[in-house]
Amino acid sequence: MNRTCLLALSLLAIPAPAHARLSPPEQTIAAVADRDIPADIALLEKLVAQNSGTRNVEGVRKVRDMVAPELATLGFAIRWVPMDAVHRAGHLIATHTGRPGTTRMLLIGHLDTVFEPESPFQTATREGDKLHGPGASDDKGGVVVMIAALRAMQAAGTLKDANVSVVLTGDEEAAGEPVEIARADLVEAARHADVALDFESMVATGGQDYGSIARRSAASYTITATGVSSHSGQIFSPEVGDGAVFELARIITAFREQLPEPDLTFNIGLIAGGATVTLSADEAQMSATGKTNIVPPLAIANGDFRALTQGQIDRVKARMTAIVARHLPHTDAQIVFREGYPPMAPTPGNRALLDRLNAINADLGLAPMPVLDPLKRGAGDISFVANQVDGLVGMGPASRGEHTPEERVDLSSFPRQIKRAAILMTRLSREKARD
Ligand SMILES: [Zn+2]
């Protein structure tokens with residue numbers, strides 16, 4: 001047996017050291033990430049126990065008060081930007097100044113959740129390597145991964161040279177309006193950044209982790225239909241017509257039949273009709289009064305739609321508007337679009353960032369992450385800065401059931417996500433900033 005055969009045999013028999021291609025500080029990052037997992041989970045449980053539904057501004061501030069000291073301890077300058085002007089809590093902005101002229105990184109996450117205090121889903125339950133709880137992944141799990149990655153960098157001595165800005169919005173799930181105000185600080189932070197890393201959940205299916213370099217837009221709309229109120233015995237007559245509920249039903253049925261196209265989804269999430277309809281100020285509740293024998297004069301529906309490009313957004317809006325305008329007899333209707341999230345296009349710069357992450361995966365002994373189909377994830381705050389900086393989405397933990405009472409975060413994904421983020425930031429921090 002010659003030496004080459006021996007070497008080949010020994011390579012087969014002995015698995016390569018797990019972190020063979022990591023630098024000494026990167027090996028420290030990996031060790032610290034593993035060591036600190038119990039503390040990370042404890043922090044996550046503490047954050048999840050505090051309700052921070054977007055409209056619960058007091059709750060969002062309480063989560064801020066738990067997160068801010070973690071960043072301050074790491075040497076970040078902390079700033080709170082109140083968002084009373086758009087009826088939201090505000091944004092936590094933290095800045096770490098490192099070596100001048102190196103890559104400036106913007107880390108994006110959020111303090112709020114979709115679960116308002118009225119939701120029955122309020123507490124977390126540990127289920128083996130899952131944590132089942134409101135915001136356990138979205139985005140409290142992401143915030144914990146972010147903090148843990150920065151802490152591992154500090155332990156390894158790689159944070160001190162890194163230029164890092166953290167923006168944790170308080171209204172990611174329902175951005176305040178106008179978004180020009182609600183997202184001004186995020187956009188401003190991106191003006192001083194070269195790279196944006198979005199710490200929302202990573203998509204992982206069947207043991208495969210995916211990298212995400214694009215997100216669809218999201219915008220909401222309200223359709224208001226009106227009609228002539230009368231006794232039900234007169235409905236469809238030449239004098240009374242179809243009433244508001246049939247007009248609204250016509251519109252949403254036509255949407256379903258006529259709008260579908262690739263990369264587009266649309267939804268009606270809330271609907272009511274009757275003699276009176278009231279929509280709560282936060283637009284999360286409708287109430288209606290009416291009688292079965294009264295032709296309803298009013299019907300309202302709230303929905304959203306998501307698309308991949310601005311061209312698709314413009315086209316779909318025009319088609320929706322045209323459908324709404326074809327009224328049934330003695331009815332009227334209008335659709336009002338609200339501002340939402342712009343699309344994040346899959347650019348070559350975003351792709352290059354994923355290539356960087358995949359080099360780290362190789363060095364960590366992890367499988368490469370293929371590009372995720374953008375339809376498989378929702379819109380996010382990074383979309384507001386996607387036209388300014390290269391970006392990568394899904395730096396947070398793996399999860400299931402987000403935005404539902406089945407939200408469960410996969411705690412076993414924390415170590416690898418913390419290592420990926422910390423090593424990516426470490427390597428980026430050693431490169432020159434773009435001009
Ligand atoms: Zn969310």
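Per-chain numbering applies: the sequence of each chain, read as written, is numbered from 1 onward. Thresholds applied to this predicted model are a pLDDT of at least 70 for local features of residues and 80 or more for the giving and counting of side-chain atom pairs; totals over whole chains, interfaces and linings are not thresholded and use all residues.

Novice: How should I be thinking about the overall build of the protein in this particular structure?
Specialist: For the purposes of this entry, the term helix denotes a DSSP run of H or I that reaches at least four residues, the term strand denotes a run of E that reaches at least two, and both are numbered from the N terminus. The number of helices and strands found in the protein is 11 helices and 20 strands. In terms of overall dimensions, the protein has C-alpha extents of about 95 × 50 × 50 Å along its principal axes. In this scheme every C-beta is placed from the backbone, and a residue whose C-beta has 20 or more other C-beta atoms within 10 Å is buried, one with 12 or fewer is exposed, and one in between is partly exposed. Burial analysis of the protein (435 residues in total) assigns 47% to the buried set.

Novice: Explain the domain arrangement of the protein to me, please; I cannot follow it from the model alone.
Specialist: Often, the extent of an interface is quoted as the loss of accessible area upon association of its parts. Domain delimitation follows an automatic or database domain assignment. Taken domain by domain, the protein comprises domain 1 (18-215 + 344-428) and domain 2 (219-337). Measuring from the centre of the C-alpha atoms in domain 1 to the corresponding centre in domain 2 gives 37 Å. What counts as a contact is two residues whose backbone-derived C-beta atoms lie within 7 Å of each other. Across the contact, 6 residues belong to domain 1 and 6 residues belong to domain 2. Its residues placed into classes, the side of domain 1 that touches domain 2 shows 4 nonpolar, no polar and 2 charged. Throughout this entry, Asp, Glu, Lys and Arg are counted as charged residues, while Ala, Val, Leu, Ile, Met, Phe, Trp, Tyr, Cys and Pro are counted as nonpolar. The remaining residues, Gly among them, count as polar.

Novice: Just to check I follow, could you spell out helix 8 (residues 243-258) for this structure?
Specialist: An α-helical turn contains 3.6 residues, so any two residues separated by three or four positions project in the same direction. Over its 16 residues, helix 8 extends 23 Å from the first C-alpha to the last, a length consistent with the 22 Å expected when each residue adds 1.5 Å. Listed as buried for helix 8 are Gly243, Ala244, Val245, Phe246, Glu247, Leu248, Ile251 and Phe255. Looking at the buried side of helix 8, the elements it contacts are strand 10 (219-227), strand 12 (265-274), strand 15 (294-295), strand 16 (298-306), helix 9 (310-324) and strand 17 (331-337). Expected span of a helix: the number of residues minus one, times 1.5 Å.

Novice: Looking at this structure, I do not really get the packing of helix 2 (residues 24-35) against helix 11 (residues 414-428). What am I missing?
Specialist: A packed helix pair is summarised by two numbers, namely the angle formed by the two axes and the spacing between the axes. Packing of helix 2 against helix 11 leaves a shortest axis separation of 9 Å and a crossing angle of 150°. In terms of their interaxial angle, helix 2 and helix 11 are classed as roughly antiparallel. In the packing of helix 2 onto helix 11, the handedness of the crossing is right-handed. Seen from helix 2, the contacting residues are Pro25, Glu26, Ile29, Ala30, Ala33 and Asp34; seen from helix 11, they are Pro415, Ile418, Lys419, Ala422, Ile423 and Thr426. Here the contact of helix 2 with helix 11 is composed, by residue class, of 8 nonpolar, 1 polar and 3 charged. Think of each axis as a best-fit line through the C-alpha atoms, taken over the contacting stretch in the case of a helix, with angles from 0 to 180 degrees between the N-to-C directions. Roughly parallel means an angle under 35 degrees; roughly antiparallel means over 145; roughly perpendicular covers 65 to 115; every other angle is labelled oblique. Handedness of each helix crossing follows the sense of rotation of the near helix against the far helix: counterclockwise by less than a right angle gives left-handed, clockwise gives right-handed.

Novice: I would appreciate a short explanation of helix 3 (residues 37-49) in the present structure.
Specialist: The terminal C-alpha atoms of helix 3 lie 18 Å apart, and with 13 residues this matches the ideal 18 Å at 1.5 Å per residue to within 8%. For helix 3, every residue scored as buried is listed here: Asp40, Leu44, Leu47 and Val48. The arc that holds every buried residue of helix 3, seen down its axis, measures 95°, which confines them to one face. What points out from helix 3, more than 90 degrees from its buried face, is the exposed set Pro38, Ala39 and Ala42. On its buried face, helix 3 is in contact with helix 4 (57-73), strand 5 (130-132), helix 5 (140-156) and helix 11. The directions from the helix axis to the C-beta atoms form the arc being described.

Novice: Can you help me understand the packing of helix 8 against helix 9 in this one?
Specialist: Taken N-terminus to C-terminus, the directions of helix 8 and helix 9 make an angle of 140°; their axes are 9 Å apart at the nearest point. On the basis of the axis angle, helix 8 is oblique to helix 9. Of the two possible hands of crossing, helix 8 and helix 9 adopt the one that is right-handed. Residue-level contacts link Ile251, Ala254, Phe255 and Gln258 of helix 8 to Met320, Ile323 and Val324 of helix 9. Considered class by class, the residues forming the contact of helix 8 with helix 9 number 6 nonpolar, 1 polar and no charged.

Novice: Any chance you could explain the pairing of strand 18 (residues 390-393) here in plain terms?
Specialist: Two faces, one strand: in a regular strand the side chains alternate between the faces of the sheet. Burial along strand 18 is two-sided: Asp390 and Leu392 and Gly391 and Val393, pointing in opposite directions, are all buried. In terms of strand pairing, strand 7 (residues 195-198) meets strand 18 through 4 bridges, oriented parallel. Residue pairing in the sheet places Val195 in a bridge with Asp390 of strand 18. Any two strands with at least two DSSP-identified bridges between them are counted as paired.

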